[in-house]
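Descriptive analysis of the structure
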Amino acid sequence: MSWGTELWDQFDNLEKHTQWGIDILEKYIKFVKERTEIELSYAKQLRNLSKKYQPKKNSKEEEEYKYTACKAFLSTLNEMNDYAGQHEVISENMTSQITVDLTRYVQELKQERKSNFHDGRKAQQHIETCWKQLESSKRRFERDCKEADRAQQYFEKMDADINVTKADVEKARQQAQIRQQMAEDSKADYSLILQRFNQEQWEYYHTHIPNIFQKIQEMEERRIVRIGESMKTYAEVDRQVIPIIGKCLDGIVKAAESIDQKNDSQLVVEAYKSGFEPPGDIEFEDYTQPMKRTVSDNSLSSSKEGKPELRFGGKSKGKLWPFIKKNKLMSLLTSPHQPPPPPPASASPSAVPNGPQSPKQPKEPLSHRFNEFMTSKPKIHCFRSLKRGLSLKLGVTPEDFSNFPPEQRRKKLQQKVDDLNREIQKETDQRDAITKMKDVYLKNPQMGDPASLDQKLTEVTQNIEKLRLEAQKFEAWLAEVEGRLPARSEQARRQSGLYDGQTHQTVTNCAQDRESPDGSYTEEQSQESEHKALAPDFDDEFDDEEPLPAIGTCKALYTFEGQNEGTISVVEGETLSVIEEDKGDGWTRIRRNEDEEGYVPTSYVEVYLDKNAKGS
């Protein structure tokens, strides 16, 4: 089967068909290009999706990825990133192996087609020229024959006419001979041209056109083979990345299988464990026995109805505690929460200015009531939780992380120590590098000036020293949290002795509820840890407060020996500064020499208040 023999007269149709074949090839190239664009777009969207759900650096979200489920999700994101990379590979391979190659081939194909059909048109033009020459010689031969016949007839006519001269007859004869010779020449030319045309026409239909059409047929067949090979390459490009995509999917499955729910549960314990001990049993409070204490409105253990408050929520007075100043809190804690002793018998309490009436019922010893207050640990816990809650609400984190529970504080401090040690190591490495560079400059001055490194070396050394001091500070706090440091004061040991020997009875029991006034947790430590850290921790939380201003003066009417915690001894006739007046509980807070403060019974002193100070 050959186009040259079968389609020898279909030149125009073959021209249209080959152009259609090139159009099909260009359409396929366009299809592959759009597929590569889709692959690139898909890969870009997958990468953006993976990036969108990646944890942000140095954020709380990054801390959550310590759980195995989150780690598996992170592995899935990374595998999807690699998955997107394979689609980029598909796009690149299709572009290089199909699009670029076929585009170049199309250009070559167009040139070859143009050349073949140019040869075909040239052969057509040649045969048409031969045909025109044949027609021209034929018409000339026909014309000459007709003119020869007319000339012969004219001669014969002249020769038969007796009236025509002999000269005219001779002239007609010569003219007839000339026309006859011209006809013979035309006949010879026509015969020669006809033979030549027949030869050209045979070569045209049996040699030139078949050869040209055969080349066109081969060109078209190569185009068909090429597009088939490109389709195979199209499939192979996809097939080549399937194993890697399979590995990505296997990685996702492996990450899913690595999820350990028990490990995640343990991490939750480590993340949120406070280190506190659960609260012990609540002791029975017998309200059938008469209360043997005078309770003031400002007492921590009082409530509006005279009943023990178990919560700070609702409309209780404790709800106002977040707005009480530290000095007021300190005064509430250190004030002796029991009735003051009556003045000496030599004077009537009613005769003393501002002196309260003596209670009618018998009273328990002051030391016993004060010790009972000091052993009310839940009160201290509530204040410490109150301060912690206020700092959390204000968004302020103390440097020593004291607003965190013990276990969480230990972890924060350990993390801070590790970070500082890494910074120290980094600065140390930099110092060593500068020192080595300086030694090189000393040995080879042409490489640089050693003195130019002195300032940088000094800065690095100072940074190292600062970081070491900072690390020592945090290590000390860490050691304190871990219980490696001894008690910080004698007062703590004394308070511990008091705690061990007293019965814990509290009318207002903050520990009854797990929430403090700010909504945060309350501290419920074990007996041993409370004995070690309660008093010094509480003192430290208020030791940075400025002293209260004096609101007046007072004169001691009697001598009072302040033997209990929170009281102060005075001598009869002594003048002192008043910093807090009697709030109805029978005690007045005074100061001596700007550094010694305490409470004395109001009935033992005569108070002179400053009106301006009191109004302010």
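Bear in mind that the values here come from a model prediction, so they are computed numbers and not experimental data.

Our focus in this paragraph is the overall build of the chain. When you go through the chain residue by residue, the secondary structure sums to 14 helices and five strands. Split into buried and exposed, the 616 residues of the chain put 36% on the buried side. Of the contacts made within the chain by residues no fewer than 6 positions apart, 76% connect residues no fewer than 24 positions apart. Carbon and sulfur atoms make up 52% of the accessible area of the chain, which totals about 37700 Å².

Before going further, it helps to spend a moment on the confidence of the model for the chain. Mean pLDDT over the chain stands at 75; residues scoring 70 or higher make up 72%. Within the chain, helix α12 (residues 490-501) has the poorest average pLDDT of any element, 38, and helix α2 (residues 11-52) the best, 93. Across residues 292-333, confidence stays below pLDDT 50; counting only partners more than four residues off in sequence or on other chains, it has 89 contacts. Within the model, pLDDT remains below 50 along residues 346-387, and this stretch shows 102 contacts once partners closer than five positions in the same chain are excluded.

When strand β1 (residues 552-556) meets strand β2 (residues 575-580), the two strands line up antiparallel, connected through four bridges. Bridged to G552 within β2 is V578. Bridge count for β2 against strand β3 (residues 587-592) is three bridges, and the pairing is antiparallel. Looking at β3, one finds that S577 is bridged to R591.

Turning our eyes to something else, we now look at the sheet that holds strand β5 (residues 605-609). The sheet built from five strands is open, its strands ordered β4-β3-β2-β1-β5 with antiparallel pairing. Here the strands that pair on one side only, and so sit at the sheet edges, are β4 (596-601) and β5. Averaged over all pairs of adjacent strands, the angle between their axes in this sheet comes to 40°, without regard to strand direction. Bridge count for β3 against β4 is six bridges, and the pairing is antiparallel. Opposite T588, over in β4, you have V600 as the bridge partner.

If you look at the biggest cluster of nonpolar residues, it comprises 39 residues, and the most contacted ones within it are L25, Y28, M94, I98, F213 and I216. Among the elements of the structure, α2, α4 (68-160) and α5 (166-257) are those that each provide at least two residues to this core. Sort the elements by how many residues they give to this core and α4 lands first, with 15 residues. In this structure L25 touches L102, Y105, V106, L109, R223 and I227, once residues within four positions along its chain are discounted. Counting residues in each nonpolar core, the second largest holds 16 residues, with V570, L576, Y599 and Y604 among its members.

Let us look at the side chain of T18. Relative to the assigned elements, T18 resides in helix α2. Judged by relative accessible area, T18 falls into the buried class, the value being 1%. Within the local environment of T18, its side chain forms a polar contact with the backbone oxygen of E15, the two atoms lying 2.9 Å apart. Ignoring anything within four residues of it in the chain, the contact list for T18 reads R113, F117, I216, M219 and E220.

The next point concerns the environment of L413. Mapped onto the elements, L413 comes out in helix α10 (residues 406-443). The residues contacting L413, other than those within four sequence positions of it, are D400, F401, F474, W477, L478 and V481.

What follows covers the pattern of salt bridges. This model, assessed by the stated rule, comprises 21 salt bridges. When the shortest N-O distance is used, the salt bridge between R47 and E88 registers 2.9 Å. With a gap of 41 residues between them, R47 in helix α2 and E88 in helix α4 connect regions that are remote in the sequence. As a salt-bridge pair, E147 and R179 come within 2.5 Å of each other at their nearest N and O atoms.

Right, let's get into the packing of aromatic side chains. Given two aromatic rings, one states the distance between the centres and the angle between the planes to describe the pair. Using the criterion set out here, one finds 13 aromatic pairs in the structure. Aromatic side chains F11 and F117 sit 5.3 Å apart centroid to centroid with 75° between the ring planes, which places their arrangement in the edge-to-face category. Taken together, the positions of F11 in helix α2 and F117 in helix α4 put the pair 106 residues apart, joining distant regions of the chain. Taken together, a centroid distance of 5.6 Å and an interplanar angle of 40° make the contact between F31 and Y234 tilted. With a gap of 203 residues between them, F31 in helix α2 and Y234 in helix α5 connect regions that are remote in the sequence. Residue classification places F31 among the partly exposed positions, given a relative accessible area of 42%. On the basis of relative accessible area, Y234 is assigned to the buried category, the value being 19%.

Where α2 meets α5, the axes come as close as 11 Å, and the angle between the chain directions of the two elements is 15°. By the angle between their axes, α2 is roughly parallel relative to α5. Every pair of crossing elements has a handedness; the one defined by α2 and α5 is left-handed. Residue composition of the contact of α2 with α5, grouped by class: 15 nonpolar, four polar and four charged.

This next bit is on α4. Structurally, the α-helix is built with 3.6 residues per turn, so residues lying three or four positions apart point the same way. In this model α4 runs 135 Å from its N-terminal to its C-terminal C-alpha over 93 residues, within 8% of the 138 Å that 1.5 Å per residue would give. If you look at α4, its biggest bend is around 40°, right at T95.

When the terminal C-alpha atoms of helix α11 (residues 454-481) are compared, their 41 Å separation across 28 residues agrees well with the 40 Å that a helix rising 1.5 Å per residue should span. Turning to α11, its buried residues number three or more, namely L457, V460, I464, L467, A471, F474, W477, L478 and A479. If you follow the buried residues of α11, they end up packed against α10. Looking one or two residues beyond α11, the residue adopting positive phi is G483, at roughly 80°.

Along the chain, E606 turns up in strand β5. Each C-alpha atom, one on E606 and one on G573, is 10.0 Å from the other, the two residues being 33 residues apart in sequence.

How each quantity is defined
- Residues numbered from 1 in each chain as written.
- Predicted model: local features only at pLDDT ≥ 70, side-chain atom pairs only at ≥ 80, totals over all residues.
- Heavy atoms only, no water.
- Helix = DSSP H or I, 4+ residues; strand = E, 2+ residues; numbered from the N terminus.
- Buried < 20%, exposed > 50% of the residue type's maximum accessible area, 1.4 Å probe, protein only.
- Contact = heavy atoms within 4.5 Å.
- Areas by Shrake-Rupley, 256 points an atom, 1.4 Å probe, with all protein chains shown as cover.
- pLDDT = per-residue confidence, 0-100.
- Pairing = 2+ DSSP bridges.
- Axes fitted to C-alpha atoms, helices over the stretch in contact; angles between N-to-C directions.
- Core = buried A, V, L, I, M, F, W, Y, C linked by side-chain atoms within 4.5 Å.
- Polar contact = N/O pair within 3.5 Å; in protein donor to acceptor, adjacent residues only side chain to side chain.
- Salt bridge = Lys/Arg side-chain N within 4 Å of Asp/Glu carboxyl O.
- Phe/Tyr/Trp six-rings, centres within 6.5 Å; stacked < 30°, edge-to-face > 60°.
- Parallel < 35°, antiparallel > 145°, perpendicular 65-115°, else oblique.
- Left-handed = near helix turned anticlockwise from the far one by under 90°.
- Nonpolar A, V, L, I, M, F, W, Y, C, P; charged D, E, K, R; others polar.
- Expected span 1.5 Å × (residues − 1).
- Bend = angle between axes of the 7 residues up to and from the residue.

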